[in-house]
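Take a look at the letters that make up each chain.
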Amino acid sequence: MPFTVADVLAAVERLWPVAGAEGWDAPGLVSGDAAAEVHRIRLVVDVTADTVADALDAGADLVLAHHPLLLRGVTTVRESTYKGAMLARLIRGGVALLTAHTNADVVATGTSAVLARLIGLEATVPIVGSDSVGLGRVGALAQPVPLGGLAARIGEVLPATAGGIRVAGEYGREVRTVAVCAGAGDSLLEHPAVLGADAYVTADLRHHPASAAVELARLGAGPALVDVSHWASEWVWLAQAAVELRAELPGVDVAVSDVRTDPWDFSIVQASGEDHHR
Ligand SMILES: [Zn+2]
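Model, not experiment: these values are computed from the prediction. Residue indices begin from 1 for each chain and proceed along its sequence in written order. Where totals are concerned, whole chains, interfaces and linings use all residues; where local detail is concerned, this predicted model gives features only for residues with pLDDT of at least 70, and gives and counts side-chain atom pairs only at 80 or more. To get the side-chain values, all heavy atoms of the structure are used, and hydrogens and water are removed first.

(A) Focus on the packing of helix α1 (residues 5-15) against helix α9 (residues 230-248). α9 packs onto α1 with a crossing angle of 125° between their chain directions and a minimal axis gap of 10 Å. Classed by the angle they form, the pair α1 and α9 counts as oblique. α1 and α9 meet at a crossing whose hand is right-handed. Together, A11, V12, R14 and L15 of α1 and E244, L245 and E248 of α9 make up the contact between the two elements. When residue character is reported, Ala, Val, Leu, Ile, Met, Phe, Trp, Tyr, Cys and Pro are called nonpolar, Asp, Glu, Lys and Arg charged, and the others, Gly included, polar. When its residues are assigned to classes, the contact of α1 with α9 shows four nonpolar, no polar and three charged. Note on method: axes are straight lines fitted to C-alpha atoms, helices fitted across the in-contact stretch only, with angles between N-to-C directions ranging 0 to 180 degrees. The helix and strand labels rest on DSSP assignments: H or I over at least four residues marks a helix, E over at least two residues marks a strand, and numbering proceeds from the N terminus. The scheme is simple: roughly parallel for angles under 35 degrees, roughly antiparallel for over 145, roughly perpendicular for 65 to 115, oblique for anything else. Left-handed describes a crossing whose near helix is turned anticlockwise from the far helix by less than a right angle; the clockwise case is right-handed. Working rule for contacts: check all heavy atoms of both residues, and any pair within 4.5 Å makes them a contact.

(B) Up close: the packing of helix α2 (residues 49-57) against helix α3 (residues 82-92). Where α2 contacts α3, the two axes come as close as 10 Å, and the packing angle between them is 0°. Our classification of the angle between α2 and α3 gives roughly parallel. Across from A49, V52 and L56 in α2, the residues of α3 making contact are M86, R89 and L90. Its residues placed into classes, the contact of α2 with α3 shows five nonpolar, no polar and one charged.

(C) Geometry of the coordination of the zinc ion. Sites may look incomplete because water is not among the atoms; the donors themselves are N, O and S atoms within 2.8 Å of the metal, or within 3.2 Å for Na, K and Ca. Taken together, the protein donors to the zinc ion comprise H67 (NE2), H230 (NE2), E234 (OE) and E234 (OE), at separations of 2.1 to 2.4 Å. A site with four donors is called tetrahedral when every donor-metal-donor angle falls between 85 and 135 degrees; four donors are called square planar, and six octahedral, when opposite donors sit more than 155 degrees apart and all other angles fall between 65 and 115; any other arrangement is irregular. Viewed at the metal, the four donor atoms of the zinc ion are separated by angles of 58 to 134°, and the geometry they form is irregular. Sequence positions of the donors to the zinc ion reduce to the motif H-x162-H-x3-E. Taken together, the residues span a long stretch of sequence, with H67 in the loop between β3 (62-65) and α3 and E234 in helix α9 at a distance of 167 residues. A single burial state applies to H67 and to E234, both of which are buried. The classification of residues rests on relative accessible area computed with a 1.4 Å probe and restricted to protein chains. Under 20% of the type maximum is buried, over 50% is exposed, and intermediate values are partly exposed.

Read these as geometric descriptors, not functional statements.
Below, the structure written as C-alpha cells:
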C-alpha cells in the first residue's frame, strides 16, 4: 500500500507535534487531498515560484514547507496574487502543501538544535523551555575561539547568501558560550540565557533591537551579535527533517530543494570611510 497525504500528516505529527506550535502559527495541511498517494516529497523553507517549479519538475506529490504560505487572513486566491499563484500551480500540478513551522523549531532535533550542532555547540539546552524541547539553544564550544573565527565557521556551515554574515562585536573577542535561534530571534535578545552568552547567532536583527543590545552589552554583560540569513539558518534543518521523514515513510523519495529562497541577490561591501566611526 503506498503512503497517502494522511500518512505523511501522521508522520509529521509524530515528528513535530502541532501542540508544540506557537498560538499564532498555522502548521499542517494547507492544500491537497488527504487520500492522495505520496511517492515523492520536496522539502523547502519557503513556497516561492522557484521552489514550486522545482517541485513540479521533480515530480513531487507533496511539498513540506517550513514557513506557512497562509498565516494571516486571506480573502482571495486569484492568481495575480503571490499566494493565489503558488496555490494554483501546486493544486494544478497535483502537489499537496504541508507546513511544519514553530512545531518543528522546538523539538530536540529542530531548527535551532541543528544550527547549534553545525556550529559545534555541546551540551545545548533550549533558551526558552525545558530539557530538550523549546525555543533556541544555548551551549558551549569545545574550545574558545575569537568572534571572527566563530563567524567564519558559521559562514562555512551555512549556504552562501548575498548578505553574508554580519557581526557586532570585536573580531578578537573570545567566545565560548553561544546562544542560537534559527530564523528571526530578536524577541530573545534580552533573555537571561542570551545575555549570559558570549555570542548570539540569529537572523533578521533590525536596527533598534540590535542597537539596544549592543548598548546594553557596553553597560555590562551581553553577547556579541552574529546576524545571518533567515533562510540559510533554517535551510540547514531540512536535511535533518528529510532523514527523519525517510525513517517514517520508507520507500518515499524525500529530497531537500537546494533552491535559495533568501530574498537578496547581491550586496556591495563598502570601503570604510573616515567620516563616520564609532
Ligand atoms: Zn523562519
